[in-house]
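Coordinates in review
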Amino acid sequence: MLSAFSARPIVELKQRDKSKIESILAYGDRVLVGLNTGSLRIYRVNEETEPAPSQNGTAGTAGAAGAANGDTNGDTNGDRPRTPAKAKPADLLREEEKFSRRPIQQLGFLKETNILISLSDNYVSIHDLQTYQLQEKLEKTRGATTFAAASNIVKDPTTGIPSIVSRLAVAVKRKMILWTWQDMELSGDATEISLIASVKSLTWATGTKLVAGMDPGFVMVDMESLEVQDIVKPGAMGDAGGQSGARFGAVSSSGMGYMGMGSWVPKPLATRLGEGQMLLAKDVNSLFIDTDGNAIDKRQVPWPFAPEMLAYSYPYMLALQAPSKGSLEIRNPDTLNLLQNISLPNATFLHVPQPNISLAHAGKGFLVASDRCIWRMGAQSYETQIDQLTASARYDEALSLLDMLEDTLLQDKEGRVREIKMLKAEALFHDKKWHDAMDLFIDAKAPPERVIALYPRAVAGDLSHEESVRGDGSVADEEELESEKQAEEGEETKKISRESTFNPATTIGRSMMGRLVGGHKKVDSDTASIRSSVRDDAAETASIRPPKKVTETTQSDKQLDFSNAVRALQSYLAQCRVQIKRYIDTDGNLKEPLPAPSDSQPEEYKPPFQYFIQDTSGPIDWTAKLLDVAQLVDTTLFRAYMLTKSTLAGSLFRLPNFCEPNVVQEKLYETGRYADLIDFLHGKKLHRQALELLEKFGKNEADEEVAPALQGPQRTVGYLQQLPPEMIDLILEFAEWPLRTDPGLGMDVFLADTENAETLPRERVLEFLEKLDLKLAVKYLEHVIEELNDLTPDFHQKLVDLFLERLRTGTFEGEEEKVKWRERLQTFLRTSGNYNNYRVFKQLSPDDPDFFESRAIVLSKMGQHKQALQIYVFQLKDYAKAEDRYCNTIFLSASTPVTTPHPQSQSEKGVPDTQEPSIYHILLSLYLTPPPPHAASWPPALDLLSKHGARLPAATTLDLVPPTLPVKDLESYFRGRIRAANSVLNEERIIARLRGVEKVGVEMMLHLGGEYERDPHKPGGLNRRVVVDEERHCAVCHKRFGGSAIRVWPDGSVVHSGCMRGSVGKGGSVERPRAW
C-alpha cells in the first residue's frame, strides 16, 4: 500500500469537555472549530519540527490535550530542560463562547471581503473575519441547509480591467439564494433561483457555475444566466421506455429499496477534481462530468461502501467512509484504484482548503475530524510516493501520478517517467508479453544495452547475465549447470546483504529467460534485489514479484517462447537502428557535430541521443559511446536474425551497418553462408579478408564444400572492380591469380567501363601488367589510348616499344598472328601523333622487311614524303599502297576546307599551274625519273596520270614526260585536265544564276515586305503606308499632327518628328528600329 498521507492529531477534546465538533474551517495557519454548544474556537497550527513517528499518525495524542483545553501557560520558569519539550500541534488562541446559540453546522469565509460565514440554527450569518463579531444575520436564509462561497478574478468585458468577484450561494429548501460582492462591495440585491426539490449539497464547478445535489438528482446552475441544466446519466438520452433525460442520482422504481430503511435516501455528494472535471456520487454510484455538466465516458469508482464525504486534495481523490467504518480512502482519480486506506476512528467529515485560492497547500494540509478530534493530513514528498509505488511494482499508478503532477514539483519528471516505463516493460517481459514490452521500451527510449541484457548469451553475448544458454542457443545439460546455479545463488545472497536499494536494470528477465530456454528450475533470488532498506518484510517482496510456479513445459514450448521473444527484440532493435543512424554514420562520425563546451552553459550539455547510452555519469565521449551502442544494436540484431530467420541477415549487412566483424564472420562461416560473409566484409571495408576468402574459394582450396558461384576467378574480378583507386596495392596483389587463371576475365579489372577502372593509377597498372605478361600490357595501353583517349606521350611511346619488342623477340603461333601484330603496330603509328618519331625511326631496322612499311609511316609523320614513297615503290614495290593508302591520304589531309566554294581553291577540281608540286608529282617523278640503279616504271606512271591528272599541274608534269612518249598515251591525262576545266566553268555559271535568283528574292522582300506571301493584300516593305487624318494623335504628346513633320515606326505608330526620342509606340520604351 502507498503511504501518501499520515494523520497527525492537532486538536483533541478532553474527556471532561462535553462539547462536540460540528464544523471546521482552515485558512493559513488558522483552524476554526464550530462546536455543538455554539462556541467558536480559533487555533493556530504549528508546523511539525520533526518527522511523524508513524505512517498512520495515531501517536502524539497527549501533546494535543493542552491545546484542546486552551492551556497555553505551560512551563514558563525560564529553566532550560534537559530534553527540549515537544512543540504542541496547535495552540488555542481564543474562544467565542457566544458565537451562536445553536450548533455551528458549517463554516466558510471570503478572504477578499474579510467576512466569515456560518450556518447555525438554519440561518446563515456573516461575521467579521478578524474579530468574529456578528455583522448580519441573513433573514432570507431561514431554513437553510448548506451554502457555498468562492472568490474569483474576473475581467470586465468592456474595459478589460480585472476585479475580484466573490459569491455566496445558500440552499434554502427548494430555492437557492445568491449574493455577489465585487471589489469588496456588495453588488445588488440577492438573486433567488427555484429548483425542483430541496438542495442537499452545493459544489462550485467554476467561478460562475454551481452543482446542486438533490434527492431527484443533480443540476448545474449558471450564476450569470440563472439557467438550470439537468445532469443526465450516461446512456439516458438513448434509453427506451420514456427514460430519456433521466437525471443522475434520481430515485426511480429501483429506489424503493430505501423505503425499508426508514425512508433513508443517500446524500448526493460532489467534488471538483482536476482541471475541468467533477465527480458526482450517490450511494455507491458515481459519475464524472465536465464543467458544462456533460458526462465523461469513464467507469464508476469501485467503492465497497457508500462514502460519507468526497473531496479532492491534489492530486488524489478522497472518500471518507461512514463513522462506523472509520477510514479515509485515497484513490487515483485517473485509474480509480485504491492507493491508501487510513484508519480514523469515528471520523465524520473532512475539510480541504479551496484549490482556487493557492496551490501552496496542494496535496497536503487537509483536515479530517470526528466529534472529538481533528487530524491534519501530512503528505509524503512526491518523490517518496513514486518510489513506494515503483518498489511495489505498481507502475501504472506511478505513471498516472507522474502524469498528473506538475513538472516543477519533481526534480526530474521526464527521467522518472522513462525509468518507470522501463521497469514496467521489464515486468511485461517477465510475463511473456514480449511485443508489449518492446513497444513500451521503444516508447520509453530505453537504452539498448539494458534491453539486450534481458536475453541469454545466444542473443546478448557478453551482456547477458544468464549463463544457462550456450552460444548456439541450445539448452545446456542439468549437470553442467548445477554448480553454476549454486555459485550464482551464493553470490546473489551476498549481494542482497550488501545492497540497500535495487538496480532495476537487471532484475527482471534473468531467471525468466533461464526458465524460457534453460530447461532447468532455478531458485528465485532476484526478488530480494527489489527489497527496500526500510521495507524488507516477506509480504512486500511477495507483492513485488510473485513466486514462480513450477510448471512442466515441453522443450518445444520453450523454444517457441524463445523465438517469439527474439522476434519481439528484432522490432525493438530495428527501431533503435533507424534512430541511431540519424545521428552517426558508419564511419563513426556524428552527422551534426556537438557544440563546443562553454562557461555560459548552466549545466553539462547532453546531446539528443543521450537516451541510447545507459551510463551518462561523469565525463563522457559521446561519439565513442554512441558508436558502441550502434555496434551493439546491429550485432545483436544479426544474432537475432540468425536464430529465427537467417535469410533476413543478408538484408542487414548488405547495407551500411555497425556489426562487429568478428562475431558476424565467425557465425556466417560456421553456417556456411560464404556469399553473405563476403558481402558483409565488403560492407565493413575488410577487403583483404574478403579477397583472401575469395581466393581460397576460387582456387577450390577450402576444406568445406563451396557453391559453384564462388569457384573460379569471376567473383574475385567482380569484387576487385568495386574497390576504389586508393586501394591499388590491394587490387594489384589479388588481381594476379585471376590474370594467370583467365587473362581475358582478369583484364576486366582494368578494362571495365567503370569509374574505378578508369581512374586507377595507370603507371602502376602498366608496370604490374608488363611484369606479368607483355601482351596484357599492350592490351591495357591500347584501351587507355584508344578508348580513354589518353594523350600522354609516355604511354604512346611505351606502346610502340612493346609492339617492337613483341615483334622482335616474341613467339607466335603462326604467321597470321605475327601479321596481326604488325598491322596493329602500323595502325597505331599511322593514327597516333604523340610518340617520338626520331626515336621510333631509329628502332626500326632498315633491313628487316617486317618494318619497311612502319618506317614509311614514321617518315610520313616526319614530313619525309619522298623517302617514304621510295620505300613503297622500290622496297615494297606496292604501287597501289603508294597511290591509294599514302598519296591520297596525304593529299586529303593537306587540303584545308574553305567557306566559299571558289573553284580555284578546290584542289579536287584542278590545280593551277603556279601551285607547288603535289604529293602525286613526287610519286610521278619516282616513277619516271627514279634514282639509280632503278629504271623508269611507265605503267604505274601512266595509270597515275590517268587517275589523278586533275591534281597534276601541266607545267611541271609535262617536263617529266620524255619526248619519246607518244601523245596517244597521254590522252587520259589531257582528257582529265579538260574535264576539270569544264567543271570549273559550269560551276561558275550555276553559281551566277543562283545569285541572280537570290537577288530577285531580296529585292521583292525590300519592296513588298517579308509577309507578302502570307498576306499579299497587306502592303509592306517600301510600299508600306499609314493614313494620318484629323482624328489621329501623336503617340507621345497626344496632339494632332496638322502640318507637322512626322515619323513612322516599323510597328505602324506615328509620332511627331520632335517627339521621336520619347516615343513608346506599341512596343514600349525599348530601343526601336530606325523610323522612316
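This structure is a prediction, so every number in the text was calculated from the model and none was measured. (Residues numbered from 1 in each chain as written. Predicted model: local features only at pLDDT ≥ 70, side-chain atom pairs only at ≥ 80, totals over all residues. Heavy atoms only, no water.)

**Brief notes about the overall build of the chain**
Rule in force here: Counting from the N terminus, the helices are DSSP H or I runs at least four residues long and the strands are E runs at least two residues long. We call a residue buried when its accessible area falls under 20% of the maximum for its residue type, exposed when it is over 50%, and partly exposed in between, using a 1.4 Å probe and counting protein chains only. Any two residues whose heavy atoms approach within 4.5 Å at even a single point are treated as in contact. Each accessible area is a Shrake-Rupley result for a 1.4 Å probe, and residues are judged covered by the shown protein chains and nothing else.
Broken down by element type, the chain carries 34 helices and 30 strands. Among the 1076 residues that make up the chain, the fraction classed as buried is 44%. Summarising the internal contacts of the chain: among those between residues at least 6 apart in sequence, 55% fall at separations of at least 24. Of the accessible surface of the chain, which amounts to about 56,700 Å², a share of 49% is contributed by carbon and sulfur atoms.

**Considering the pairing of strand β3 (residues 30-35)**
Spelled out, the test is: Note: two strands are recorded as paired if DSSP finds a minimum of 2 bridges between them.
Most of β3 is tucked away: five of the six residues are buried. Taking the residues that link successive antiparallel strands as the turn, the strand β2 (residues 21-27)-β3 hairpin has two residues, and the phi of G28 there is positive, at about 65°. The pairing of β3 with strand β4 (residues 40-45) spans five bridges and is antiparallel. Across the sheet, L32 pairs through a bridge with I42, a residue of β4. From the end of β3 to the start of β4, which pair antiparallel, there are four residues, and G38 there has a positive phi angle of about 90°.

**Some details on the sheet that holds β2**
Within a sheet, neighbouring strands are paired by backbone hydrogen bonds and run either parallel or antiparallel to one another. Going by this rule: To obtain an axis, a line is fitted to C-alpha atoms, over the contacting stretch when the element is a helix, and the angle between two such axes runs from 0 to 180 degrees between their N-to-C directions.
Judged by pairing direction, the sheet is antiparallel, and its four strands sit side by side in the order β2-β3-β4-β5 without closing on themselves. The outermost strands of the open sheet, each flanked by one partner alone, are β2 and β5 (90-96). The sheet shows a mean angle of 20° between the axes of neighbouring strands, taken without regard to direction. Sheet topology note: the β2/β3 ladder contains six bridges and is antiparallel.

**Digging into the packing of helix α24 (residues 774-787) against helix α26 (residues 815-831)**
Here is the rule we go by: When an angle is under 35 degrees it counts as roughly parallel; over 145 it counts as roughly antiparallel; between 65 and 115 it counts as roughly perpendicular; any other value is oblique. Crossings are classed by handedness, with left-handed meaning an anticlockwise turn of the near helix from the far one by less than a right angle and right-handed meaning a clockwise turn. Here the term charged refers only to Asp, Glu, Lys and Arg, the term nonpolar to Ala, Val, Leu, Ile, Met, Phe, Trp, Tyr, Cys and Pro, and the term polar to all other amino acids, Gly among them.
At their nearest, the axes of α24 and α26 sit 13 Å apart, and the two run at 30° to each other. As summarised for this structure, α24 and α26 are arranged roughly parallel, according to the angle between their axes. Here α24 runs over α26; the crossing is left-handed. In contact with K775, V778, E782 and I785 of α24, α26 contributes W821, R824 and F828. Partitioning the contact of α24 with α26 into residue classes produces four nonpolar, no polar and three charged.

**A word on helix α32 (residues 938-948)**
Applied cut-off: The directions from the helix axis to the C-beta atoms form the arc being described.
Of all the positions in α32, only P940, A941, L944, L945 and H948 are classed as buried. The arc enclosing the buried residues of α32, seen along the axis, measures out at 140°, which places them on a common side. More than 90 degrees from the buried face of α32, the exposed residues found are P939 and K947.

**Observations regarding the packing of helix α31 (residues 919-928) against α32**
Axis separation between α31 and α32 bottoms out at 8 Å; the angle between their running directions is 155°. As the angle between them shows, α31 and α32 are arranged roughly antiparallel. Seen along the crossing, α31 lies across α32 with a hand that is left-handed. Facing α31, whose interface residues are Y920, L923, L924, Y927 and L928, α32 presents W938, P940, A941, L944, L945 and H948. Tallied by class, the residues present in the contact of α31 with α32 amount to 10 nonpolar, one polar and no charged.

**As for the confidence of the model for the chain**
The predicted coordinates of low-pLDDT regions are not to be read in fine detail. How we decide: pLDDT runs from 0 to 100 and stands for how confident the predictor is about each residue.
Confidence in the prediction for the chain averages 79 pLDDT; 80% of positions are at 70 or higher. Per-residue pLDDT stays below 50 along residues 236-244; that stretch engages in eight contacts with residues further than four places along the chain or on separate chains. Per-residue pLDDT stays below 50 along residues 253-263; that stretch engages in four contacts with residues further than four places along the chain or on separate chains.

**Re a nonpolar patch on the surface**
Just so we agree on the cut-off: Patch building starts from residues that exceed 30% relative accessible area and form no salt bridge, then joins like charges within 9 Å and nonpolar side chains (Val, Leu, Ile, Met, Phe, Trp, Tyr) within 5 Å. Should a side-chain nitrogen of Lys or Arg be within 4 Å of a carboxyl oxygen of Asp or Glu, the pair is scored as a salt bridge.
A cluster of nonpolar side chains, namely L958, V967, F974 and I978, defines an oily patch on the protein surface of about 360 Å² accessible area. Assignment of secondary structure puts I978 in helix α34 (residues 971-1008).

**Notes on the pattern of salt bridges**
For the structure on display, the rule yields 38 salt bridges. Across the pair D587 and K685 runs a salt bridge whose closest N-O atoms are separated by 3.8 Å. Of the two residues, D587 is situated in the loop between α11 (555-580) and α12 (622-644) and K685 in the loop between α15 (674-683) and α16 (687-698); the sequence distance between them amounts to 98 residues. Via salt bridges that share partners, D17, R41 and E95 belong to a single interconnected network.

**Here we look at the state of the cysteines**
Joining two cysteines, a disulfide is a covalent bond between their sulfur atoms. Short version of the rule: When two cysteine sulfur atoms are found within 2.5 Å, that pair is recorded as a disulfide.
The full count for this structure, using the stated rule, is zero disulfides. Note on C1034: no disulfide assigned, nearest cysteine sulfur contributed by C1037 at a separation of 3.8 Å.

**Focus: the nonpolar core**
We apply this condition: Each nonpolar core is a collection of buried residues, namely Ala, Val, Leu, Ile, Met, Phe, Trp, Tyr and Cys, held together in the definition by side-chain atoms within 4.5 Å.
If you look at the biggest cluster of nonpolar residues, it comprises 139 residues, and the most contacted ones within it are M438, F441, Y455, Y572, F638, F750 and L769. Looking at which element gives the most residues to this core, the answer is α12, with 11 residues. Discounting residues that sit within four places of it in the chain, F750 has contacts with I731, L732, A735, L739, A757, L760, V765, F768, L769, Y780 and H783. Within the second largest apolar cluster, 45 residues are counted, among which are A4, L269, L279 and A281.

**Section: the sheet that holds strand β1 (residues 5-12)**
The strand order across the open sheet formed by four strands is β1-β28-β27-β26, and the pairing between neighbours is antiparallel. Both outer strands of the open sheet, β1 and β26 (349-351), are each paired with one neighbouring strand and no more. The sheet shows a mean angle of 25° between the axes of neighbouring strands, direction not considered. Sheet topology note: the β26/strand β27 (residues 367-369) ladder contains three bridges and is antiparallel. Bridge pairing links F349 to A369 in β27.

**Considering the pairing of strand β28 (residues 373-379)**
Here seven bridges tie β1 to β28, and the two strands are oriented antiparallel to one another. Within β28, the position partnered with R8 by the bridge is R376. Of the pairings in the sheet, the one linking β27 to β28 comprises three bridges and is antiparallel in character. Residue pairing across strands places L367 opposite R376, the latter belonging to β28.

**Quick word on the environment of T831**
What counts here: We call two N or O atoms a polar contact when they sit within 3.5 Å, provided that within protein one can donate a hydrogen and the other can accept it, with sequence-adjacent residues counted only if both atoms are side-chain atoms.
Along the polypeptide, T831 turns up in helix α26. Linking T831 and E786, residues 45 residues apart in sequence, is a C-alpha distance of 9.8 Å. One polar contact links the side chain of T831 to the main-chain carbonyl oxygen of T827, over a distance of 2.9 Å.

**Focus on helix α3 (residues 395-404)**
Count 3.6 residues to each turn of an α-helix, and residues three or four apart come out pointing the same way. Across the 10 residues of α3, seven count as buried, placing the element largely inside the fold. Residues Y395, E397, A398, L399, S400, L401 and L402 constitute the buried set of α3. Elements that come into contact with the buried residues of α3 comprise β23 (316-320), β25 (338-343), α2 (382-391) and α4 (413-430).

**Side note on the packing of aromatic side chains**
Put simply, the test is: Classification of ring pairs uses Phe, Tyr and Trp, with its six-membered ring standing for Trp, and accepts pairs whose centres are within 6.5 Å; under 30 degrees between planes counts as stacked, over 60 as edge-to-face, and the remaining range as tilted. Here, a charge over a ring is recorded when the distance from Lys NZ or Arg CZ to the ring centre is within 6 Å and its angle to the ring normal is within 35 degrees.
If you walk through the whole model with that rule in mind, you get 14 aromatic pairs. Plain terms: the ring middles of F750 and F768 are 6.4 Å apart, the flat faces sit at 55° to each other, and that makes the pair tilted. Taken together, the residues span a long stretch of sequence, with F750 in helix α21 (residues 748-751) and F768 in helix α23 (residues 762-772) at a distance of 18 residues. Of the two residues, F750 and F768, both sit in the buried class. A connected cluster of aromatic rings, assembled from ring pairs, spans F5, Y316 and F366. Geometry around F305 places K325 over its ring, the cationic atom sitting 3.9 Å from the centre.

**Quick notes on the side chain of D790**
By secondary structure assignment, the location of D790 is in the loop between α24 and α25 (793-809). Of the residues examined, D790 reaches a relative accessible area of 9% and is grouped as buried. Every residue in contact with D790, bar those within four places of it in the chain, is listed here: R762, V784, I785, F795 and H796.

**Observations concerning the environment of H351**
Along the chain, H351 turns up in strand β26. Distance in space between the C-alpha atoms of H351 and A369 is 8.2 Å, their sequence separation being 18 residues. Beyond its immediate stretch of four places on either side in the chain, H351 contacts I24, L25, A26, F366 and L367.

**Some words on the side chain of S370**
Inspection of the secondary structure assignment puts S370 in the loop between β27 and β28. Once you skip the residues sitting within four places of it in the chain, S370 turns out to touch I21, P345, N346, A347, T348 and W375.

**Digging into unusual backbone geometry**
Of note, the amide linkage connecting Y314 to P315 takes the cis form, showing an omega dihedral of 0°. In this structure, P315 sits in the loop between β22 (309-313) and β23. Across the junction of P932 and P933, the peptide omega takes the value 5°, indicating a cis bond. Among the structural elements, P933 can be located in the loop between α31 and α32. Residues other than glycine seldom take positive phi values, yet K432 does so here, at roughly 65°. You can see K432 is positioned in the loop between α4 and α5 (434-443).

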